[in-house]
Amino acid sequence: MTTLRDLPSVEELLQTKTAAELIARFGRPLTLTAIRETLDKIRARFSSGAITVLPLHDLILAQTDTLLSAWLKPTLRLVINATGVILHTNLGRAPLSDAAIRAMDLASRGYSTLEYDLEKGTRGSRLIHAESVLQKLTGAESAMVVNNNASAVLLVLSALANKRRVIISRSQLVEIGGGFRIPDVMKQSGAKLIEVGTTNKVHLRDYEEALQDGGSLVMRAHPSNFKIIGFTEEPELKDVVEVAHKAGVFVIDDLGSGALFDTAKYGLAHEPTVQESLAAGADVVCFSGDKLLGGPQAGIIIGRKDLIEKIKKHPLARAVRADKACLAGVTATLLHYLKDEAEREIPILKMMSFTPKQIKGRVESWIRELGRGEAVEGESTVGGGSLPGESFPTFLLSLTVESPDRFLKRLRAQNPPVIARTANDKILLDPRTVLPEQEGALLVGLKNVFEEI
Ligand SMILES: *Cc1c(COP(=O)(O)O)cnc(C)c1O
């Protein structure tokens, strides 16, 4: 009769050639842990009666191999975004330009001048790297880059608004997503909120009255991810700045997306630009690196020199500082704008600039390649909490399949996984967000799924 005594020991298994191969691939400590775990599982299944025959060496080690492969499988994987949402936050927002990728690679590979002054041979500042490009691009006196825009807002308010009365319009007390709420961040920084106006209407005199009552700072937050339509009113930033400055008070502008170009060029609504915010007189402006800018995750703060100096010196600045790869990537991305080559080099701008006709051509070539599907009109969106309700006309590959949900699941199981959507029982894929170098893999993935089903 088979008993657990017949199960090979760890030592016995380690003598085999297969175990040696596993050790070469995965290292000794991890392989040992996996062998023990595999044996434990077999013992448990045998004791419970789930199995009556004990596996032999080869089968045990095959199970160990499966376990090790599962443990080491990366959870952060490259995917093909066929959703047509350009800044898909769940899919990592902006894909980067070649130059930004190269710069991040270079900065990560060796030592660098991150905080080193080559001229003097002494310690330098990590904040200088993006600063001169930002000054040239925007005309701002000073600039700094931090980990992301959420931390930029927290840092700016902590440095400038702690224990002070900060005036903000009720229409701007927004939640950006993931629980990031402007009023909570303001409170976290130690600011005292002075809310003015109503949800839909704010007048200049609301600001004036609050300033007379002793406001010490004005904050504007761009309501990036929603739109109030109908009976609304909001004074222009330049008028708010004028009354604030008259009262001797600074204005902080959280732009959110912070476009450096006019989105109207692509047939979208006009998103407030960084340049406009400075031109309107905002004293400190902050925005994201990985939204409409098209760079890596970062928060960019620009504005008056004396205020930026104060922000740089705040203890939180160290806690939210950007790492070397981020600084290299942001700087390389900004250089595209400075050299007027952004639309040619930055992937998300390329995606925005595709005409429906160009996209239709891509859908038609996919249909030829697949031998099925049809080109239908649809809409792509910007996403990433930018330009809510705005979309571009596009063309979609529409596929008729038996079970759309099962088909989507199979697409996600491809390598690389393909993320698509369904509407009215059709599978829809938008070429706008599929990178040209991923097209081949996308078509292979689709063909596989049709064969599997
Ligand atoms: C997106 C957004 C933020 C947060 O920016 P992250 O870079 O995602 O941290 C803050 N404020 C506004 C208005 C935003 O739209």
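Residues numbered from 1 in each chain as written. Predicted model: local features only at pLDDT ≥ 70, side-chain atom pairs only at ≥ 80, totals over all residues. Heavy atoms only, no water.

A. Seen up close, the environment of Ile-346. With respect to the secondary-structure elements, Ile-346 resides in the loop between helix H15 (342–345) and helix H16 (347–353). Classification of Ile-346 by relative accessible area gives buried; the value is 0%. Separated by 13 residues in sequence, Ile-346 and Thr-333 place their C-alpha atoms 7.5 Å apart. Those residues within four positions of Ile-346 in sequence are excluded, and the remaining contacts are Ser-97, Leu-293, Gly-294, Thr-333, His-336 and Tyr-337. (Helix = DSSP H or I, 4+ residues; strand = E, 2+ residues; numbered from the N terminus. Buried < 20%, exposed > 50% of the residue type's maximum accessible area, 1.4 Å probe, protein only. Contact = heavy atoms within 4.5 Å.)

B. Representation of the sheet that holds strand E13 (residues 299–303) in the model. The strand order across the open sheet built from seven strands is E5-E13-E12-E11-E10-E6-E9, with neighbouring strands paired in mixed fashion. Looking at which strands have only one partner, the edges of the open sheet turn out to be strand E5 (142–146) and strand E9 (192–196). Averaged over all adjacent pairs, the angle separating strand axes in this sheet is 20°, with direction ignored. Of the pairings in the sheet, the one linking strand E12 (residues 284–288) to E13 comprises five bridges and is antiparallel in character. In the sheet register, Phe-287 faces E13, and the bridge partner there is Ile-300. Sheet strands touched by helix H6 (residues 128–138): E5 and E13. Its angle to E5, the strand with the most contacts, is close to 125°. Here helix H7 (residues 149–161) sits on the sheet in contact with E5, strand E6 (165–169), strand E10 (217–221), strand E11 (250–256), E12 and E13, set at roughly 160° to E12. (Pairing = 2+ DSSP bridges. Axes fitted to C-alpha atoms, helices over the stretch in contact; angles between N-to-C directions.)

C. Fine view of the sheet that holds strand E15 (residues 391–400). Pairing in this open sheet of five strands is mixed, and the strands run E2-E14-E15-E18-E17 from one edge to the other. Two strands close off the open sheet at either side, each with one partner strand: strand E2 (85–87) and strand E17 (421–423). Shown here is a sheet whose adjacent strand axes are inclined to one another by a mean of 40°, direction ignored. Two strands pair when backbone bridges link them, and E15 and strand E18 (residues 426–429) are joined in this way by four bridges, in the antiparallel orientation. Bridge pairing in E18 links Thr-400 to Lys-426. Each of strand E14 (374–383), E15 and E18 touches helix H17 (residues 356–370); the most contacted strand, E15, lies at about 10° to it.

D. Structural context of unusual backbone geometry. Following Asn-415, the chain continues into Pro-416 via a peptide bond in cis, with omega recorded as 0°. Structurally, Pro-416 can be placed in the loop between helix H18 (404–412) and strand E16 (418–419). Despite not being glycine, Lys-163 has its phi angle at roughly 60°, a positive value. By relative accessible area, Lys-163 is classed as exposed at 65%. In this structure, Asp-425 is a non-glycine residue whose phi angle is positive, near 65°. Secondary-structure assignment places Asp-425 in the loop between E17 and E18.

E. Structural view of empty space enclosed by the protein. Counted under the stated rule, the structure contains one cavity of 30 Å³ or more. Each pocket or cavity is described by its volume, and for the largest cavity that value is around 50 Å³. For the lining of the largest cavity, the class distribution of residues is four nonpolar, one polar and three charged. (1 Å grid on protein atoms, 1.4 Å probe; cavity = no way out; pocket = protein on both sides within 12 Å on 5 of 7 lines; lining within 4 Å. Points joined across faces, edges and corners; volume = space filled by probe spheres on them. Nonpolar A, V, L, I, M, F, W, Y, C, P; charged D, E, K, R; others polar.)

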